[in-house]
Amino acid sequence: MRCQTAITAAVLATLAAPAGAVTRDDGVPDARYLELGRQMRPYTAAVSCTNPDGERHNATAVLVAGRWAVTAAHVVAGCTDVRLAYDGDRRRAVDRVVVHPGWQHEVMGTPDVALLRTTEDCGLAWYPPIAMGVTPGESVIVAGYGVTGTMRQGFSIADGRLRAGTNTVDRLDGVTLVCVANQRGSAMEAMIGPGDSGGPLFVGSGSQARLAAINSHQVGPRAPLRSRYGEESGHILLHAVRPWMAAVMEDTHGAHEQAEGQAR
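Residues numbered from 1 in each chain as written. Predicted model: local features only at pLDDT ≥ 70, side-chain atom pairs only at ≥ 80, totals over all residues. Heavy atoms only, no water.

### Structural notes on the pattern of salt bridges
So, point 1. If you walk through the whole model with that rule in mind, you get 16 salt bridges.
So, point 2. The salt bridge partner of Arg-117 is Asp-95, with a shortest N-O separation of 2.9 Å. With a gap of 22 residues between them, Arg-117 in strand S7 (residues 114–118) and Asp-95 in strand S6 (residues 90–99) connect regions that are remote in the sequence.
So, point 3. Across the salt bridge formed by Arg-171 and Asp-173, the nearest N and O atoms sit 3.0 Å from each other. In this pair, the class of Arg-171 matches that of Asp-173, namely buried.
So, point 4. A network of salt bridges, in which partner residues are shared, links Arg-24, Asp-30, Asp-159 and Arg-163. (Salt bridge = Lys/Arg side-chain N within 4 Å of Asp/Glu carboxyl O. Helix = DSSP H or I, 4+ residues; strand = E, 2+ residues; numbered from the N terminus. Buried < 20%, exposed > 50% of the residue type's maximum accessible area, 1.4 Å probe, protein only.)

### Details of the pairing of S6
So, point 1. The pairing of strand S5 (residues 80–86) with S6 spans four bridges and is classified as antiparallel. Bridge assignment links Leu-84 to a residue of S6, and that residue is Arg-92.
So, point 2. With five bridges connecting them, S6 and S7 associate as antiparallel partners. From the neighbouring strand, Val-94 faces S7, where its bridge partner is Thr-118. (Pairing = 2+ DSSP bridges.)

### Some words on the environment of Ala-190
So, point 1. Tracing the chain through its elements places Ala-190 in strand S13 (residues 190–191).
So, point 2. For Ala-190, a relative accessible area of 2% corresponds to the buried category.
So, point 3. When residues no more than four places from it in sequence are discounted, the contact partners of Ala-190 are Val-22, Thr-23, Tyr-33, Val-142, Met-151, Gly-165, Thr-166 and Asn-167. (Contact = heavy atoms within 4.5 Å.)

Right under this line is the structure:
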């Protein structure tokens with residue numbers, strides 16, 4: 001991803017972030033974001049795990065197959081006791097974490113993606129298909145369990161509720177899809193915050209909806225970053241890593257697993 005003024009402060013969804021959800025346009029009622037989040041609830045999971053410092057932290061993931069979920073690599077790399085909560089009160093433990101081999105810690109523009117294998121089938125009737133591509137100017141939906149607030153003031157609340165909102169693709173930079181938070185920029189303008197990493201970005205709607213990317217990071221012209229108007233969010237394009245995902249999910253012996261992402 002191209003450099004920005006505040007690039008050293010750019011990784012938004014930090015490993016110690018609490019749970020809450022995306023920041024929202026000041027002129028749109030929060031109830032609309034909660035309702036759209038409810039519609040994405042079956043396959044949008046909350047992630048919890050223990051980092052190398054022994055601290056528990058939270059983020060978001062997307063269930064993509066019976067025993068597989070995708071999330072951001074920086075959420076789970078080096079972590080233990082990884083667990084998913086989804087579709088109300090359903091829970092699954094994770095017995096395998098596979099980090100994309102091209103990901104580099106704190107280097108934006110690398111494939112910040114990891115796959116999680118659950119100990120049991122998640123049992124959903126439908127899993128979101130992956131989009132074959134995305135076009136600048138296309139409308140998207142983003143979701144997550146990260147901290148929330150309004151985009152004028154920035155995030156300030158952690159309430160553990162899933163929210164979803166809209167944005168527009170500004171540009172594509174390699175494996176990264178970039179969105180900008182603009183006031184009234186879309187019907188329910190939204191910006192990711194801490195804890196939203198690994199959450200879904202969808203294109204299309206209804207039966208044509210496709211999972212295009214997962215939430216990764218944010219950059220902006222001023223620090224501290226707080227998911228406000230004018231800041232940019234980066235989302236990793238899944239079609240760019242789709243062959244790797246398929247190879248990992250087909251490999252039952254763990255040949256692709258990296259020790260730094262292993263769940264113990």
